[in-house]
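Chain by chain, the residues run as shown.
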Amino acid sequence: MNRRGSAVDPQSGLPSPSPRDPLFSTDSHMDVQGFKRVRWRVWLCCLLSLLSLGLLLIIFHWRPRLGVLVRCRPCPLALADVLLLRDSFGEQHVVEVQTEEIEEGSLDSLGQPEEAEWRDNVQLHKEEKTLLRYYLFEGLRYVWLDRKGAFCRVSVLNEDWTCKDLNGFQKGLSPREQSLRRSTFGANLIDVPVKSYMRLLFEEVLNPFYVFQVFSITLWTIDSYYFYALCIFIISIISISISLYETRKQSVTLRNMARFITSITLRRDSGEEESVSSVELVPGDCLMIPQEGLLMPCDAALLAGECLVNESMLTGESVPVLKTPLPADDRKYNSEAERRHTLFCGTSIIQAKGGRTGSNGAVAVVTSTGFFTAKGDLVSSILYPQPINFRFYKDAMKFLLILGVVALIGTIYIFVILFKANVTWLQLVVRSLDIVTIVVPPALPAAITAGTIYAQRRLKHRGIFCISPPRINVCGKVSVFCFDKTGTLTEDGLDVWGVMEKGPAGFSELVPDPKLLPPGHMLSALACCHTVTLLQGQQLGDPLELKMVESTGWTLQEPEGDRDVVDTEFGKHKVLAVMRPPTQQPLFPGVRTSEPVAIVKRFPFSSALQRMSVVTVAHRGRSALAFVKGSPEMVASLCLADTVPAQFSSTLRNFSTQGLRVLALACKPVDVNSDLINTDRGEVEKDLQFLGLLMMKNLVKPESAKVINILKLAQIRNIMVTGDNILTAVNVAKSCAMVGSDEKVIFVTVTPHTTQSMPTLRFSLEDGAAQTSTDAVNQSLYQGGYGYHLAINGKSFAALCDHFPEYLPKVLMKATVFARMSPDQKAQLVKELQKLNYRVGMCGDGANDCGALRAADVGVSLSEAEASVASPFTSKIDNISCVPLLIREGRCSLVTSFSLFRYMALYSLIQFCSVLILNTVKTTLADFQFLFCDLFLVTTLALFMGKGGPSEDLYPCRPPASLLSLPVFGSLFLYTCLISLGQLASFFITTTQDWFIPLNSTVFGIENLPNMENTCVFNLSGYQYIFMAVVVTKSYPHKKPLYHNVIFLCFLLVHSAVMTCLVLYPGPFFSQLFKLFSFTDMNFKMLLVAVAALNFLVCFVVEMLIDLGMLSFLRLLRGNRPSKKQYKRLNTLLSDSTSWLPLNQTLTPTDHSVIYCS
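On a predicted model such as this, the values are computed, not experimentally measured, just so you know. (Residues numbered from 1 in each chain as written. Predicted model: local features only at pLDDT ≥ 70, side-chain atom pairs only at ≥ 80, totals over all residues. Heavy atoms only, no water.)

*Asks:* Please set out the overall build of the chain residue by residue, giving values where relevant.
*Replies:* Per the secondary structure count, the chain includes 39 helices and 39 strands. Burial statistics for the chain: of 1158 residues in total, 53% are counted as buried. Look at the contacts in the chain between residues 6 or more apart in sequence, and 74% of them connect residues 24 or more apart. Of the accessible surface of the chain, which amounts to about 50800 Å², a share of 58% is contributed by carbon and sulfur atoms. (Helix = DSSP H or I, 4+ residues; strand = E, 2+ residues; numbered from the N terminus. Buried < 20%, exposed > 50% of the residue type's maximum accessible area, 1.4 Å probe, protein only. Contact = heavy atoms within 4.5 Å. Areas by Shrake-Rupley, 256 points an atom, 1.4 Å probe, with all protein chains shown as cover.)

*Asks:* I'd love a proper account of the side chain of Ser-875, names of residues and values included.
*Replies:* By secondary structure assignment, the location of Ser-875 is in strand S38 (residues 873-875). On the basis of relative accessible area, Ser-875 is assigned to the buried category, the value being 0%. At 3.1 Å, the side chain of Ser-875 and the backbone nitrogen of Ile-877 are in polar contact. Dropping the residues within four chain positions of it, Ser-875 is found in contact with Gly-463, Ile-464, Val-860, Ser-861, Leu-862, Ser-863 and Cys-882. (Polar contact = N/O pair within 3.5 Å; in protein donor to acceptor, adjacent residues only side chain to side chain.)

*Asks:* A description of the packing of helix H12 (residues 391-420) against helix H13 (residues 425-439) should follow, citing residues and the corresponding values.
*Replies:* Running from N to C, H12 and H13 cross one another at 155°; their axes reach a closest spacing of 8 Å. Judged on the interaxial angle alone, H13 and H12 are roughly antiparallel. H13 is crossed by H12, and the crossing has right-handed handedness. Taking contact as the criterion, the partners of Leu-403, Val-406, Ala-407, Gly-410, Thr-411, Ile-414, Phe-415, Leu-418 and Phe-419 in H12 are, on H13, Trp-425, Gln-427, Leu-428, Arg-431, Ser-432, Ile-435, Val-436 and Val-439. Taken together, the residues of the contact of H12 with H13 break down into 12 nonpolar, 4 polar and 1 charged. (Axes fitted to C-alpha atoms, helices over the stretch in contact; angles between N-to-C directions. Parallel < 35°, antiparallel > 145°, perpendicular 65-115°, else oblique. Left-handed = near helix turned anticlockwise from the far one by under 90°. Nonpolar A, V, L, I, M, F, W, Y, C, P; charged D, E, K, R; others polar.)

*Asks:* I'd like a description of the sheet that holds strand S39 (residues 1146-1147), backed by residues and values.
*Replies:* If you trace the 11 strands from one edge of the open sheet to the other, you get S18-S38-S37-S36-S19-S31-S35-S34-S32-S33-S39, paired in mixed fashion. Of all the strands in the sheet, the pair left with one neighbour each is strand S18 (464-466) and S39. Judged from the 4 bridges that link them, strand S34 (residues 788-793) and strand S35 (residues 815-819) form a sheet pairing that is parallel. Note that in S35 the partner of Ala-791 across the bridge is Val-817. (Pairing = 2+ DSSP bridges.)

*Asks:* How would you sum up empty space enclosed by the protein? Please name residues and give values.
*Replies:* Inspection of every chain in the model, using the stated rule, returns 5 cavities of 30 Å³ or more. Considered as a void within the structure, the largest cavity measures approximately 80 Å³ in volume. In terms of lining residues, the largest cavity is bounded by Asn-188, Leu-189, Ile-190, Ala-258, Phe-260, Leu-295, Met-296, Pro-297, Cys-345, Gly-346, Gly-370 and Lys-375. For the lining of the largest cavity, the class distribution of residues is 8 nonpolar, 3 polar and 1 charged. (1 Å grid on protein atoms, 1.4 Å probe; cavity = no way out; pocket = protein on both sides within 12 Å on 5 of 7 lines; lining within 4 Å. Points joined across faces, edges and corners; volume = space filled by probe spheres on them.)

*Asks:* Break down the packing of helix H18 (residues 521-528) against helix H19 (residues 543-552) for me, citing the residues and quoting the values.
*Replies:* Orientation of H18 relative to H19, taken along the N-to-C sense of each, is 135°, at an axis distance of 8 Å. By the angle between their directions, the pair H18 and H19 is classed as oblique. Between H18 and H19 lies a crossing of left-handed hand. Where H18 abuts H19, its residues Leu-523, Leu-526 and Ala-527 lie against Met-548, Val-549 and Thr-552. Residue composition of the contact of H18 with H19, grouped by class: 5 nonpolar, 1 polar and no charged.

*Asks:* Account for the pattern of salt bridges, with residues named and values stated.
*Replies:* Applying the stated criterion to the full structure yields 37 salt bridges. Here Glu-685 makes a salt bridge to Arg-681, at a shortest N to O gap of 2.9 Å. Per residue, the accessibility class of Glu-685 equals that of Arg-681, and both read buried. Among the ionic pairs, Glu-832 bridges to Lys-835, the shortest N-O distance being 3.4 Å. One end of the pair is Glu-832 and the other is Lys-835, both in helix H29 (residues 823-835) and 3 residues apart, which spans about a single turn. Among the ionic contacts, a cluster of salt bridges with common partners joins Glu-311, Lys-323, Glu-336 and Arg-339. (Salt bridge = Lys/Arg side-chain N within 4 Å of Asp/Glu carboxyl O.)

*Asks:* Explain the sheet that holds strand S25 (residues 577-580) residue by residue, including any values.
*Replies:* The pairing of strands in a sheet comes from backbone hydrogen bonds and takes either a parallel or an antiparallel form. As summarised here, the arrangement of the 9 strands in space is S21-S20-S30-S29-S28-S27-S26-S25-S24, forming an open sheet in which the pairing is antiparallel. If you trace the sheet from one side to the other, it starts and ends with strand S21 (506-507) and strand S24 (555-557), each paired once. Alignment of S24 against S25, held across 3 bridges, turns out to be antiparallel. Along S25, the bridge assignment pairs Gln-557 with Val-578. Most of the contacts of H18 go to strand S30 (residues 689-697), to which it runs at about 55°, and overall it touches strand S20 (495-503), S25, strand S26 (597-606), strand S27 (611-618), strand S28 (624-630), strand S29 (660-670) and S30.

*Asks:* Could you give an account of the pairing of strand S31 (residues 717-721), naming the residues involved and the relevant values?
*Replies:* A regular strand carries its side chains on alternate faces of the sheet. With 5 of its 5 residues buried, S31 lies for the most part within the structure. Covered by surrounding structure in S31 are Arg-717, Ile-719 and Val-721 together with Asn-718 and Met-720, the residues of both alternating faces. Alignment of strand S19 (residues 480-483) against S31, held across 4 bridges, turns out to be parallel. Residue Phe-483 lies in a different strand from S31, and its bridge partner there is Met-720. Sheet topology note: the S31/S35 ladder contains 2 bridges and is parallel.

Now the structure itself:
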């Protein structure tokens, strides 16, 4: 066995498991190395820690990997007691292996499919007792499986359960089985760690920022800067206290939200029901759900009955969802694939019915507990967020290192100067190290977050809530935004537009109102094929289905009290709901009125299957019918060919191009004497008889077209991702201006590989463009005469990814409409766009968008909830007008962060220049001079610099995100030169005056104060702190002009007035306080003010020239380089190509007319 997570089977000598084993996917785990402690190394480290006064322990705290390598030796994972983990983001973590004794021989009584897995798990150290070896990482438990030779998620023990296995758990677990499972799986608790104040204080103080502060305060105290050191110490204490309070408060709030304990009723193998704490739940427990419902403490598969569930906590979707029993087939159970049969942890069951004899309620089996549940996964994503791959944050740390190099140069210079001056060794060391505390501002990382905090507050005021503030800056760089269609671009509600029933010779005439339909299968299908349910007499369900049922005029009833009466009315079948027709006289003379119909089985809508179905029984149980409703293409493919009208495709195309939502309905006779409750879905949904089409009108929201136009003008791509028909989606794209009236739509059709044919790829124009000759269109496309958009459906997208991966980037570059996309495909699309270096935004409103919202760089959920864990941003605005606002705030925040970064760097460099000049002549700045500059001038200006709001308009240019760029470096270099020249000018102007008196060269530092050299340099540097805040503060085009930031403007005026008073009329009190030399020559003092004004003017002009591209000529020296962004390089190649786009050509994987982008 090797030392890493990929073990070697000792019997075969081959790697086991394979790299494709799901246990070792990045989603499941990461690289693992095993280590064992060496006693003498541990004792040696303890000794060295004492000798270094704890410095070694601090280093180990910052670099845990180093601590493991020093104290431990590598060993096989099976023998390790310390593990070094490297996650999929490259970050390293150290965890301890824990052991727990479990009952010997208790496995023999399980008799479950996973028995062998459990036995491998616990028999590794079977001597006198049986031990379970495991570790905890981010709330998840990983157990040692000897046969696999690896630590695996404990959920692997039940991942092979089939739907049939889960149904077998209805008999319940024995107390002994449950005890063993509890030892293995752990407690069912999403326990957010809340650290004590002492622990938080210890971790906070060991933060590099505060360690640097302690070092600085110690240095200043030795150097007799007592008051300054005391002020910084008090500020640090206040800062730490606030930080500890906020951190603990957030942890307690999250813990209260995540931690949930309640009493649950379980069924035991003896048949008895027992009330236990939800903490004791384990996978396999049989859960009794009461009629009044409950808040789910675990993930569970519904086995009997139906549950009406509110999932808004997880998905932001406010519409209750009906859950139905899991079919007992041999399919491998997957909670995502079986969402309609799964009760997720944290969701609220509003009502349960039809699952328990003698009383209402439902029966479910526990499938996941603790952090392995859906709620646990979302809480984990908050506790341990995915690192944000944003260049600005990476560059900030690199820039600190560059300032560190500058500090090192300054330290060497001061060391040489002071060494020549024959100062004491203490002064030599202290003065040299003091340069480091000046050049590297420890507050820099904190200061650049100020803009983000202001933006977050403004967004909250506008109804947009954020759970990941660093992503606000990312909003400023978004280059493509994806939108869901229904409920996002279009209205939530749909109105029935008409019904077209199948007749003897094709389709009958369009019927605008379903109430006008004659009694028959079509009317019954519209009334019964739904998952609408009742809660306290109120109909609840999908808005589309509510409208459909309302349009028929039929009434929904559900059995109450004595169910036997209703069951007897329908042939003693167990009835879920009854649909009763209206009581008014029939509209068709001679035609018998419709009779009540009972729904006995529901198969909910599935995005993957694109359909839902019900099994119904006629009055008195005379006959049974199955009804199916879904996408027309899917339903037609399940129908007998001779029942589908010949004009089906043309009719569907006609309605879809009008932007109508089209659904097809079909039916099938079912044997009324069969076991209808346990009918297999596959049997129900085949060999159907086509009934007709239902058309519904879904209006585009009035704000959609306006917002899309704003984004297009800002050169942000818009993409529609929907589960609807492709023609309907294209119509909506045209209605909301995603596709211009003069632009072509080209459909991408990809057929997958079959036994009879090769995969094919074809690009074809929409029907409306057929009148234009293909050759003319081809020529115009190649020459840029036509703008065009590609449209593709989910089936073709999947085949494109599988069989034509070389064409995928080019299709993504031009595709605007993605239709019939499943939730997984939406998330996959986002990730594929990110591979092209797009910054991707996603806006959606329902559960189907959760994966894409979390995968996107910027995910916006339109929800009534104040904060949804489904995405980083949640908007109470029910339309996409929140998107431009979010982008504007992101750009404003990013520009502010840049300004603050440059200002804090320049503040350090101004002080650096002052100290270098003064130390050269054996003096320095006074205690209160440092305090005045740092706290009064710089801190207040930096605090309010980011208060200005965003511009009212979105502009095509995006703000830069790289700090290590030519404009940033060039401007800092030029300003440092101008700052140095300004201070040197004031210094030399002073020394050339007739009345100038040199300082005492026999002493050094503050003992030389006050003196003329110090005063002139301090006076000019004070002005530089003020005017550089004005110079680096950006406004146009992403922020409002400076005069809108009233507080910042007031502080500028106040600071300028105070500084002018200190220069012109300091007075005896302030002269004594600041150790200032009192100049009597007013002309000289005015000259100093004039030098400061000139310095400001030159810096301001330089900034304007940099904004106009003054430094761009330097780029010419390196020549033209291709863009680092792949989508920009690919766009250039496609624009220059004469073979793209191959219209009306059938391509196969062997064709190589391909444009590659390296």
